[in-house]
Amino acid sequence: MPKKSSLLSPPSAEARADVLAIVRRQSEPIALKAVAKLLPAAHRMSDADLQATVQEFLSASQLCEYPPKTASGPLRYWDRDTRWLARDAVSHRLSNWPEPIAAKELATRLGLPFKVSENDLATILADFVTRGLLHEIPAATAKGKIRYWNQDRSEYFRSTVLQVLQVKGPLPEAKLQSSVKGITPGEWQLVRETLRQSRKIFLHPSVGKKGKAAFGLRPPTAAPYLKEFAGPITAIITTLTEAEVAADDIRRAIVEMVEAAGIPFGVSRAATSKPTDPVGSSTSTAPDRLIELMMTLEPGAARGTLIGVRDLRRSARMDKAVFDAAVLQLSRQGKVALHWHDFPASLTAEERDELVTDGAGNYYIGVALRTVESGDRS
Amino acid sequence: MNPFRDTIVASPWEYGGVDVPAIHGSVLDQCVQGVEYVRSRGRSAGLLIHGEAGSGKTHLLKRLRSQLTPAAPTATDRRECLYVWVRLQTSPRMIWRTLRRSLVDDWFRPVSGQRSQFDRILFHRLAEIRIAEGDLEPWYEYMRDEDPQGLLRLMDQIAEAQQLDRNTAVAFQHIAFERHRRDLHAWLAGTSLPAAALDRLEMAQDDGTDEEREDAAREVVVMLCKLAGNDLPIVLSFDQVEALQTTSDDKDALFAFGQLISTLHDSTSNVLLVSSVQSVFATLLKEKSRQADYDRMTSLGSYSLNPLTRSEAEQLIAARLSVDHPAIPPAAERTACWPLDEEEFDHLFKSGRGSVSPRKLLMRCAERFENRLHGTLPESTKPASVSPSPEQQVAEFLAATWDTRLEEKQAANTADRTEEIIRHGLPLLMPLVSPTLRHVSAETLPDVELIFESPRDRLGVSLCTQSNMTTLAKRLNRLKGQFDKTKLSRLVVLRDGRVPLSKGAKAAAKHLEELQQKGAAIVYPSVEVLAAIDALRSLLSDAKSGDLSFGTEPVSPQSVADWLQACLAAPLRDFVEEILGESRVDSPETGADTALLESLMTLLAEQPMLSVAQAAEELQRPVTEIVAFVQRHPQHIGLLGQPPLLLFRIDSNLPVPHETV
C-alpha cells in the first residue's frame, strides 16, 4: 500500500508522479485546484506541497505555465507548449485551405482542444507572413478583416477573376476589375495580361456600335458579330436570284469574299484554327514556372533540398497532365533529379495519383534541383 | 571475386572499400562545413540527408566518419571531432536509451587501431589544464602509474570546470585510470548491473519507471556531450529513422524522433545532428513532424542524394574496375560503361526507366560481369521453365537472408539486449500471428511497456529483466499496483533466464510470487526466440529503410511481412501463443514453480552443469521433484544422461529454421 502523505512529510515520489500524470492527461491547461481534486486519496497533498511539486516540474521543463483564463482566475499548467501546438495547427490548416481566411474564422477552425488567444494567433500569422509562408489578402468586404492564404496576392487575384467569370460569364473590363476587391490598377494590369497570355481569359471585342469590350473564359463565338450582316446578305441574294444570277455564281462569289477575308473553304477546321489545347500551350512555360515555384516554396531548393511533388503540385495549381509533363521535361533536361517511390503498389490509387508518373510504372515522390557540383547534365 | 558485388554498407564503422569523391561530394562538404559551424559558433545544429533506397546514405556516413574520426596518434593540437552512429532499430519509447548505448559503444570502440574516443576526450581535457611538455601520452602514462594522486587532482579540476555530475565525474576517473572498463561500459550504456558491480564502480544505477529511465538516459547523453567540450564537436548520425515506425501511420515515432533532435539541439552546444532518411520518409517527416522539431532537424539545411548522372555512373564503374582481375579487359579495350553494353547503359538513363541509384547500377554491373565471366544468360533472358518465378526468387532470398541474420543474432545475443529486442520486435511480431491485435500505449501503466488490444482483450507485457535485484524488486512491487483486471485482461511478466533471481533477492521473489497469485503469467523466452525476434526486426527495419535488396530492386516491407507470416519459425509462434495464454508448452503455473525455476537457473548461472543430486541438496528438495519439474520445462533446463543425472543450462544456439511453405 502506498503511504499516505502527511502535511509534515514531503510528497512521495508516487504522489508527485500522479500530479504529473494528471496534468499530462488533460486536453488543455489545468489549474492547481482541479489537479488537487483529481489526486487519489492516498496521494492528497497540501496546497503548498502541490505548488512546490508543480514548481519542480516547471524547473525541469516537464510542465509549462499558462496565464489565467480570466483576470481573477488562477494560473494553469500543462505539459505541452500551446504556442507551438497552435503554430503547427495554423500551418497545417492553411497548407491546404482552398481560399483566404480571416484570423477570427481561422481560430474557430483550428480544431484544438484549447483556445488560442487573438494576440497569439496574430503573432503566429505575422511570423508566417514575414517568413513568406503566408500572404496577406485584402478583406472580402469593406468592413471585413484582412485574410491569410498560402498563395500570394497575384495568385489570389487571378483565381478571383476566374471565379467571377465562371459565375457571371463575360464581363466588361471595368466591371470585372471592380469585382476583385483590393486590387490596385498596376496589379490589375499584371493579372489581366498574365491571364491573357496563359490563355485563361479572352478578350471579347464589342458587338455593334453600342457594345463594350469584355473578358470571358473562352474565345467569343462568331455568330453575334455576323448577325448584323444576315439581313443585307439575304436581301442581296434575293435581288440576284430575281435577276436570274445562277445560284453557283452567288455561292462562288460569297466563298471568294470570305476566303479573301482569311477563312479558306475546303480545309479542315483543325488545320485553320490556332492551337487552343491547354496542355500544349502550358507545357512550354510550365517547367520554368515550376523552377521558380520550387525556389519560392523551399529556401534550400537551390542547394538541392527535396520538395515533395504533392506540395509542388498543390502550389502549382496546374492540370495533372501538364504538371507531370513539365516535371518530366525538367528531369530530361537535367535540371532536376526525380526521387522515385520504391513501392508504389503499397499506395492507394488516390495517393498514387498525387505523385508524378512517367507512364512506365514509375512514380516520383520528390524533385530536387540538380546543383552544379552534382555532375553533368547530359 | 566480382568487383561489383559489394553493394551494401552495413555500418559507417566498416573500413576499406571503393569511394568516388565526386558522387554526392557536395553533400559531404556540407556535413564537414556543419562540423566547423558547430565548432566555431559553439552551438549545435541539424542537417537532413535524404535519398532513394540504395542512393548511398550509409556510405556517405561512412565517408564522413572516416574523414572526421581521429586516425592519427594522440594529439590535442589537431582539430579533431567525435563520431556516433545510431541505427534507430528500436522502440520510440526507448529512443534515448538506444542513443545512449550507441554513443557509449562507439566511444569505447578503438578507432583505426588507436585509442578509443573516450581516451581522446580525456587527452583533450587534460591538455586544457596542463600544457603538454613533450608527448602527452607518455606523460599521461607516467602520471597514471607513478603519480596517481596528481592525476586524480587533475581529474577533479576537470569535473569542476565542466560541472560534471557525480556519476560522470567518477566514470571519467575510471576511464583515466583504466579501471573496471567492462562494468563501466555497461553502466554508461545503461545496462542493469548487480549491486556488487555498482559497489566496485562506486556509482548508483538508474532506477525507476520506464519514463524515468528514459529521462536518465537523456541526462547521461547530454552530460557526455558536455564532457567532450566545445573543441571536440560530436557528429551524431541517425540512420534508419524509418525503422522507428511500427506502422506507416505511427505518429509516436515521428514525435519521439523530433523531440530527441530538438532536445539535443537546444541542450548541447557541440553536436552536429545528421539525420539520414529515405526520400519518401523525408516528405513524411516534413508533413507530419512538429514544425519546431523539423526546423531544428534542418537548421543547416536538407540535402538530397540525387540519382546518378551518366558521368557519375561511369566514374563509379571505373572505380570498381580499378582492381586486378583477369576477367577485366585493359582500360583502352573497354567502354566507359563495361561490363554493360552501351545500349543498355543508354537505356538506363532514358526517361521512363526510373532513376539510377549507385546500388541499382552496381547490381546490374555485377550481373553482367558474371555473365561475361561465365558466359551465362542474364536472369531476365532465361526461359521461364528454368528460372523460378520472381515471387519464388524473393522467397528464397528472404529464407537465405533469414538464416544468415539468425546466425549473427544468436552469436551476438546477450541478456542486456533483451529489453530492446522485445520492445521493438514484439509489436512487429504479434500482428503476424494475431492480426487483430493492436499495439497501444497507456501512460497510467508506467511499468507495463507493451500493451496489445483486441476487440475482446487487453494484454500487457512487463519487462522484468534487470540484474540489479533491488531495482527489480521495486519494479515488481509497483507492478502489483498496476495489475488490475479492469485495466488489463492479462499481464505477462517477461524474465530472462540468464539473469535469474539471486539467492538473497527475497523481496523480488516475494513480489513475483504475489504477482503470479494475482493472475500474472511469468514467461521466459529462450535465447533462440530472442535471437529470432532480433532477426525479424532487423529484416523488417532494413526493408522499411530501403536497405534490403534482391537483385536491382528493394524488397518491400510488405513482402517481408507476408513471407514472415507464411514461414514464421515455430518457436516464435509458440512464444506468441505463450504470451497470449494459448500455449501448448508449460509455463511455470504457480509461484512455487517460478521460485523453483528461478532457483535452478541461479544455480546453473554459477555452474552451467551440475548433478541433480547436488541441485536437490542445494535447494533442499527431493531429487524426484527436481527431475519431474525439469521434465515439465524442457525449454528452460536440460536434463542429461543416465543416473546420476545432470542438469545443464540451455544457452541454446540451436537454429530456428523458418517454416517452408
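Residues numbered from 1 in each chain as written. Chains lettered and ligands numbered in written order. Predicted model: local features only at pLDDT ≥ 70, side-chain atom pairs only at ≥ 80, totals over all residues.

Trainee: Quick question: what am I supposed to make of the overall build of chain B here?
Mentor: The helix and strand tally for chain B stands at 26 helices and 15 strands. For chain B, buried positions account for 48% of its 661 residues. (Helix = DSSP H or I, 4+ residues; strand = E, 2+ residues; numbered from the N terminus. Buried ≥ 20, exposed ≤ 12 C-beta atoms within 10 Å, placed from the backbone.)

Trainee: Is there a simple way to explain the packing of helix α6 (residues 148-162) of chain B against helix α7 (residues 166-176) of chain B in this structure?
Mentor: When two helices pack together, their arrangement is given by the angle between their axes and by how far apart the axes lie. Residue and element names in this part refer to chain B. Their axes nearest at 10 Å, the elements α6 and α7 cross at an angle of 145 degrees. The crossing of α6 and α7 is right-handed. Counted together, Leu 151, Leu 152, Met 155, Ile 158 and Ala 159 of α6 and Ala 169, Phe 172, Gln 173 and Ala 176 of α7 form the full contact between these two elements. The class makeup of the residues in the contact of α6 with α7 is eight nonpolar, one polar and no charged. (Axes fitted to C-alpha atoms, helices over the stretch in contact; angles between N-to-C directions. Left-handed = near helix turned anticlockwise from the far one by under 90°. Contact = placed C-beta atoms within 7 Å. Nonpolar A, V, L, I, M, F, W, Y, C, P; charged D, E, K, R; others polar.)

Trainee: I keep staring at helix α9 (residues 185-197) of chain A and nothing clicks. Help me out?
Mentor: Helical periodicity: at 3.6 residues per turn, an α-helix aligns residues three or four positions apart in one direction. The end-to-end C-alpha separation of α9(A) is 18 Å, in line with the 18 Å expected for 13 residues at 1.5 Å each. One or two residues past the end of α9(A) sits A:Arg199, with phi positive at roughly 60 degrees. (Expected span 1.5 Å × (residues − 1).)

Trainee: Help me understand the nonpolar core in this model?
Mentor: As a rule of thumb, soluble globular proteins bury nonpolar side chains together. All names here are of chain B. The biggest cluster of nonpolar side chains holds 109 residues, and the ones touching the most others in it are Leu 47 and Val 235. The residues touching Leu 47, leaving out its near neighbours within four places in the chain, are Gln 30, Cys 31, Gly 34, Leu 272, Leu 273, Val 274, Leu 300, Gly 301 and Tyr 303. Leu 398, Trp 402, Ile 421 and Ile 451 belong to the second-largest nonpolar core, a separate cluster that totals 62 residues. (Core = buried A, V, L, I, M, F, W, Y, C linked by C-beta atoms within 7 Å.)

Trainee: Could you clarify how one ought to interpret the pairing of strand β7 (residues 450-453) of chain B in this entry?
Mentor: Both faces of the sheet carry side chains from a regular strand, because those side chains alternate between them. All names here are of chain B. Across three bridges, the pairing between strand β6 (residues 438-440) and β7 is antiparallel. Considered in β7, the bridge of Arg 438 is made with Glu 453. Inspection of the sheet shows β7 paired to strand β8 (residues 458-463) by four bridges, in the antiparallel sense. Within β8, the position partnered with Leu 450 by the bridge is Val 461. Remark: four residues form the turn of the hairpin made by β7 and β8, two consecutive strands paired antiparallel. (Pairing = 2+ DSSP bridges.)

Trainee: What am I meant to see in the environment of B:Leu88 here?
Mentor: All names here are of chain B. Note on placement: Leu 88 falls in the loop between β2 (82-87) and α3 (95-108). In this structure, the C-alpha to C-alpha distance between Leu 88 and Gln 245, residues 157 residues apart in sequence, is 9.8 Å. Beyond its immediate sequence surroundings of up to four residues, Leu 88 is in contact with Thr 98, Phe 238, Gln 240, Val 241, Ala 243 and Leu 244.

Trainee: Which parts of the structure should I look at to understand helix α4 (residues 117-129) of chain B?
Mentor: Residues and elements named next belong to chain B. The end-to-end C-alpha separation of α4 is 19 Å, in line with the 18 Å expected for 13 residues at 1.5 Å each. α4 sits mainly inside the fold: ten of its 13 residues count as buried. Along α4, the residues classified as buried are Gln 117, Phe 118, Asp 119, Arg 120, Ile 121, Leu 122, Phe 123, His 124, Arg 125 and Leu 126. Of the surrounding elements, those touching the buried residues of α4 are β2, α3, α5 (136-146), α6, α7 and α10 (210-228).

Trainee: So what exactly am I meant to see when it comes to the interface of chain B and chain A here?
Mentor: Reports often express the size of an interface as the amount of accessible area lost when the parts come together. In this complex, chain B contributes 34 residues to the contact, which on the side of chain A involves 37 residues. Contributions of two or more residues to the side of chain B that touches chain A are made by α1 (25-41), α12 (279-288), α13 (291-297), β5 (302-305) and α14 (310-320) of chain B. Per element, the largest residue contribution to the side of chain B that touches chain A is five residues, and it comes from α12(B). Among the residues forming the side of chain B that touches chain A, the class breakdown is eight nonpolar, 20 polar and six charged.

Trainee: Sorry, what's going on with the packing of helix α1 (residues 13-25) of chain A against helix α3 (residues 47-59) of chain A here?
Mentor: All names here are of chain A. Across the interface, α1 lies against α3 with an axial gap of 10 Å and an inter-helix angle of 70 degrees. Classified by the interaxial angle, the pair formed by α1 and α3 is roughly perpendicular. Crossing angle aside, the handedness with which α1 passes α3 is right-handed. Residues Arg 16, Val 19 and Leu 20 of α1 pack against Leu 50, Thr 53, Val 54 and Phe 57 of α3. (Parallel < 35°, antiparallel > 145°, perpendicular 65-115°, else oblique.)

Trainee: What am I meant to see in the sheet that holds strand β5 (residues 135-137) of chain A here?
Mentor: Sheet strands associate in pairs through backbone hydrogen bonding, adopting either a parallel or an antiparallel arrangement. Residue and element names in this part refer to chain A. The three strands are arranged β4-β6-β5 in an open sheet whose pairing can be described as antiparallel. Of all strands in the sheet, those with a lone pairing partner are β4 (101-102) and β5, marking the two edges. Pairing between β4 and strand β6 (residues 147-149): two bridges, direction antiparallel. Bridge pairing in β6 places Ala 102 opposite Arg 147.

Trainee: Help me understand unusual backbone geometry in this model?
Mentor: Of all residues except glycine, most have a negative phi; of all peptide bonds, most are trans. All names here are of chain B. The amide bond that connects Trp 338 to the next residue, Pro 339, takes the cis arrangement and shows omega of 15 degrees. Locating Pro 339 in the fold gives a position in the loop between α14 and α15 (342-348). Positive phi outside glycine occurs at Glu 178, with the angle close to 50 degrees. Along the chain, Glu 178 turns up in the loop between α7 and α8 (181-189). Residue classification places Glu 178 among the exposed positions, given that 10 C-beta atoms sit within 10 Å. Unusually for a residue other than glycine, Glu 202 sits at a positive phi of about 60 degrees. Structurally, Glu 202 is set in the loop between α9 (195-201) and α10.

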